[in-house]
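# Coordinate analysis (summary)
Residue-level listing of the chains:
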Amino acid sequence: MSKTKGLKLLVFVLFVSVLFPTHSLGVQASQQAPFGTEIIVRTVNQFRNVADVTAFIQKAVQYNVDIISMNVKQDEDDEVPSGHVFYDSAIAPIAAGYENFDALSHVITQAHQQGIEVRAWIPQFHDQAAFVKDPSWQMHAFVDGNVVPFTGSNGSEYFVNPIHPDVQAYERSIIEEVVSNYDIDGVVLDWLRFDDYNMDVSSYTVNLYESIYGYSPLDINFNVDSNRRNEWNEWRTDQIGGYVQDVREDIDQIKADMELGVYILPPEFTEVGQNVAKFKDAIDFVAPMAYFDDWEFDTEWVYGDNGILSDTSSLAGSGVTIVPTLDNDWTVNEYQEVYGGIRDHFPQVTHLSFFSYGAWDENVLSDINSRRTWPVAQDYAANIPTEWKARNIGFKPGSANYSGGVFTLSGNASDIWGNEDQLNYIYQSLQGDGAIVARVAGMNNMDGWAKAGLMIRESLAVDAKHADMIVTPVNGAAFQYRAANQGNTVDHIIAEAPPSWLMLERSGNQFTGSISTDGENWTAVSSASIAMGSNVYIGLALSNSSSSANSQAIIDHVSLSGALPVLWKTTDINSTTGAAHFQSGTYTLSSRDTDIWGTADKMRYAYLPLTGNGSIIAKVSNMTNMNGWAKAGVMIRETLGANAKHVDMLITPSNGASFQYRQAAGGITTDTVTAASLPRWVKLERINNQFIGYISSNGVSWTEVGRRTLTMNSGAYIGLALSNPGSSTSNQALFNEVKIVR
């Protein structure tokens, strides 16, 4: 199971020129059964005594592990020598510390009591114990014209010759012993390979090969691709394939229904002489080591058309179950993408396997368990203003940052095109009509077809309807759209390059994209009629089909306008003169010929439902073209009736701030007034039937203005209120930094 030791890393560069990626990552977690979990356990790190076994099995149950692949024979020369075993063996030496503790027996007993399968993970030809038994079995390599013992990358490891019949007989005898004496559920072979083309060249192998082919393998230049090197490697893979077939026959004679599998390296590593096609008929499952970062590939290599699972599936055929073996230390974005790719491209995969060199940390097991139903579309944490959210639609990696009015977005291996998108989306909710303006100031280290700009999207699904106004580094700007879910994307291109001002507008079902050189004078690129729901998403979008790690789109001068955010509602109470809308974090309310006073109110109200306790804070930044007794602030109201009970914390343009309330429906309004001027933060709290109003000059230090005990239904409304006795039609009150706790 070693990922790097004893392996000469093949530098394998795959270059594919693709204008638009075709991989689909549209599977939603709610449609998927959870992945089964196989945990690969190095016994020397995890099971030192019965208490260790009990503790691990308890964790396995808690975190839904259904298969334990237990190392019954040491795989590496570290804590104990390779080839030493962790069970009561009459063949191989028992590892130090396990002479009186049969770890395999205890794991099987406790795991089976909990319904967990146990597979015996049995490394093969990385085996110091076999070398000690007979040093002539050691694997030899041809290096600089000399035959030398192969001792691994660090010069102190022990490998034996996979071709030698006595080595094979010894290793097979250990497998037979385990299968005969223990109630295991399967066998998994590992270290079933050479390390490079230049081995084994011990005298046994050289003589055998020369007797068959008429020339010595020592005459082959192993550093150069040639017919002879290919013939040599084909013969070696045949020997490994024949060995696995012999193991299959051995097991069948003991337990005919026993499952047999193999951990394999990526098929690209042809130099190790391991080809699953040679032994596919002898195995039930294959576990490709999909450690993309260790092999210096990107995430798509795991599931993509030229990746490890695709190659393994092609070689193994439909009769062999594939169990991808993954690392336990990838990022959330990497897991999201890999899980999504596996579900989308390999729906037949039901289990994922995980490896750790040391003892399993409970937090890691918990994380693995939490991912069983992934991919889960979710926002990611980003340093952006609180009214914005960030999501990688299509599970490709991307990030976002905000500083000094500038958004910096990154992304790679993604595109907004075809019938499914992969993009980095920084968004807000939009209800009804709206528009967004921004300047794409720069696009650095990106593919020529990278796209940065603006998007209105009906949903956050990969195949959703959308309209965009985007610009590319060298291929112009485009208004593009998908008019139907899962439909194709259409674009209208115009010559343009960053820096570029962009605007995207929605009016009903009409969407229009425009460009500008100065943010003031606009040229429409195109428009489209798209039947979208009222509640949509609006924001900044980036896709970039290159894999550059330091790509950046610089977007500034972002301005958003439209109706109130989703879930918010607004209404005139006992009036028809008001309005409310939201833009870039600011709520703007207007009203005229109204007042919150007496036994019935006239006002504009923007609100959310409130159940039980809650609070609201807002900064009233400005009140323009209003009567001196206009009132703007925060309110909790029992109903939307004009005479309803209510409690408010309000401020006026020139008559101070007031804590107001109506004790009973239809009753008079009472107030407590204090000196205050704009701008001013106002705050209102409900604690059961206790209501408290505050003001602040900085939003941090608060001064109580009034409090009142008032019996109000648990179900009420909380929000922003405005009344204005004046008659100007251009009046407006601006509210910022609105925060509601409910």
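Residues numbered from 1 in each chain as written. Predicted model: local features only at pLDDT ≥ 70, side-chain atom pairs only at ≥ 80, totals over all residues. Heavy atoms only, no water.

## Quick look at the sheet that holds strand β8 (residues 285–288)
Stated formally: A pair of strands is labelled paired if DSSP reports no fewer than 2 bridges between them. Segments assigned H or I by DSSP are reported as helices when at least four residues long, segments assigned E as strands when at least two residues long, and all are numbered from the N terminus.
Taken in spatial order, the nine strands line up as β9-β8-β7-β6-β3-β2-β1-β11-β10 in an open sheet, and their pairing is parallel. At either margin of the open sheet sits one strand with a lone partner, and together these are β9 (321–322) and β10 (325–326). Inspection of the sheet shows strand β1 (residues 36–41) paired to strand β11 (residues 351–355) by five bridges, in the parallel sense. By the bridge assignment for β11, Ile40 is matched with Phe355.

## Notes on the sheet that holds strand β35 (residues 669–674)
The criterion, for reference: Axis angles are defined between N-to-C directions and span 0 to 180 degrees, where every axis is a line fitted to C-alpha atoms and, for a helix, only to the segment in contact.
Spatial ordering of the open sheet is given by β27-β30-β39-β32-β33-β34-β35, a layout of seven strands whose pairing is antiparallel. If you trace the sheet from one side to the other, it starts and ends with β27 (569–573) and β35, each paired once. Neighbour-to-neighbour, the strand axes of the sheet open up by a mean angle of 20 degrees, direction not taken into account. In this sheet, strand β39 (residues 715–723) lies alongside strand β30 (residues 603–611) in antiparallel orientation, the contact comprising eight bridges. Opposite Leu610, over in β39, you have Ala716 as the bridge partner.

## Digging into the pairing of strand β24 (residues 522–529)
Where strand β23 (residues 510–516) and β24 come together, seven bridges link them in antiparallel fashion. Looking at the pairing, Gly513 lines up with Ser526 of β24. The antiparallel hairpin formed by β23 and β24 contains five residues in its connecting segment, where Gly519 sits at a positive phi of about 80 degrees.

## Quick word on the pattern of salt bridges
The criterion, for reference: Only one rule defines a salt bridge in this text: a Lys or Arg side-chain nitrogen within 4 Å of an Asp or Glu carboxyl oxygen. Here the term buried applies to any residue with accessible area under 20% of the maximum for its type, exposed to any over 50%, and partly exposed to those in between, with areas from a 1.4 Å probe on protein chains only.
Going through the model one piece at a time under the given rule, you end up with 27 salt bridges. Residues Glu458 and Lys465 are paired through a salt bridge, measuring 3.9 Å at the closest nitrogen-oxygen approach. Here Lys683 and Glu685 are joined by a salt bridge, their closest N and O atoms 3.8 Å apart. Of the two residues, Lys683 and Glu685, neither departs from the other in class, the shared state being buried. Salt bridges sharing partners connect three or more residues here, namely Arg42, Asp75, Asp78 and Glu79.

## A few points about the side chain of Arg248
As a reminder of what qualifies: In the analysis that follows, any N or O atom pair within 3.5 Å is treated as a polar contact, provided that within protein one partner can donate a hydrogen and the other can accept it, and provided that, for residues neighboring in sequence, both atoms belong to side chains. Here a residue-residue contact requires only that any non-hydrogen atoms of the pair lie within 4.5 Å.
Among the structural elements, Arg248 can be located in helix α7 (residues 227–254). You can call Arg248 buried: its relative accessible area is 9%. Polar contacts involving the side chain of Arg248 include one to the main-chain carbonyl oxygen of Met258, which spans 2.6 Å. When residues no more than four places from it in sequence are discounted, the contact partners of Arg248 are Ala256, Met258, Leu260, Ala282 and Asp284.

## What to know about the packing of aromatic side chains
So the rule is basically this: Any Phe, Tyr or Trp ring, taking Trp's six-membered ring, that has another such ring centre within 6.5 Å forms a pair; planes under 30 degrees apart are called stacked, those over 60 apart edge-to-face, and the others tilted.
Enumeration according to the criterion identifies 37 aromatic pairs in this entry. An angle of 75 degrees between the planes, with centres 5.2 Å apart, marks the rings of Phe269 and Trp295 as edge-to-face. With Phe269 in the loop between β7 (259–264) and β8 and Trp295 in the loop between β8 and α8 (300–303), the pair connects residues that are 26 residues apart, well separated along the chain. As far as burial versus exposure is concerned, Phe269 and Trp295 are alike and both buried.

## Comments concerning the side chain of Gln46
Secondary-structure assignment places Gln46 in helix α1 (residues 43–46). According to the relative accessible area criterion, Gln46 is buried, its value standing at 10%. Among the polar contacts made by the side chain of Gln46, one reaches the main-chain amide nitrogen of Trp360 at a distance of 2.7 Å. Ignoring anything within four residues of it in the chain, the contact list for Gln46 reads Val41, Asp52, Phe56, Ala359 and Trp360.

## Topic: the pairing of strand β20 (residues 477–482)
Most of β20 sits out of view: six of its six residues are buried. Because side chains alternate across β20, one face comprises the buried residues Ala477, Phe479 and Tyr481, and the other comprises Ala478, Gln480 and Arg482, equally buried. Across six bridges, strand β19 (residues 466–471) lies against β20 in antiparallel orientation. Its bridge partner lying in β20, Ile470 is registered against Ala478. Here β19 folds back onto β20, and the loop between the two strands holds five residues, one of which, Gly476, carries a positive phi near 85 degrees. With five bridges connecting them, β20 and strand β21 (residues 490–494) associate as antiparallel partners. Counterpart to Phe479 in the pairing with β21 is His492.

## What about the packing of helix α2 (residues 50–62) against helix α3 (residues 103–113)?
Note the cut-off: Any angle from 65 to 115 degrees is called roughly perpendicular, while one under 35 is roughly parallel, one over 145 is roughly antiparallel, and all others are oblique. Crossings are sorted by hand: turned counterclockwise from the far helix by less than a right angle, the near helix makes the crossing left-handed, and turned clockwise it makes it right-handed. Three categories are distinguished: nonpolar for Ala, Val, Leu, Ile, Met, Phe, Trp, Tyr, Cys and Pro, charged for Asp, Glu, Lys and Arg, and polar for the others, with Gly belonging to the last.
Remark: α2 packs on α3, axes separated minimally by 10 Å, with the N-to-C direction vectors making an angle of 30 degrees. Taken together, the axes of α2 and α3 lie roughly parallel to each other. For the pair α2 and α3, the sense of crossing is right-handed. Mapping the contact onto sequence places Val50, Val53, Thr54 and Ile57 in α2 and His106, Val107, Gln110 and Ala111 in α3. Residue composition of the contact of α2 with α3, by class: five nonpolar, three polar and no charged.

## Some thoughts on unusual backbone geometry
The omega angle of the peptide bond from Met199 to Asp200 is -5 degrees, so this bond is cis rather than trans. Cis geometry marks the peptide bond from Trp374 to Pro375; its omega dihedral reads 10 degrees. Within the secondary structure, Pro375 is located in the loop between α11 (362–370) and β12 (389–393). Although it is not a glycine, His557 sits at a positive phi angle of roughly 50 degrees. Structurally, His557 is set in strand β26 (residues 552–562). Relative accessible area serves as the criterion here: at 45%, His557 is assigned to the partly exposed category. Of note, Asn688 is a non-glycine position whose phi angle comes to about 55 degrees, a positive value.

## A few points about the environment of Gln138
Relative to the assigned elements, Gln138 resides in the loop between α4 (128–133) and β4 (140–143). Residue classification places Gln138 among the buried residues on the basis of a relative accessible area of 8%. Between the C-alpha atom of Gln138 and that of His164, which follows or precedes it by 26 residues, the distance is 9.6 Å. Residues in contact with Gln138, not counting those within four places in the same chain, are Phe131, Pro149, Phe150, Thr151, Phe159, Val160, Asn161, Asp200 and Ser202.

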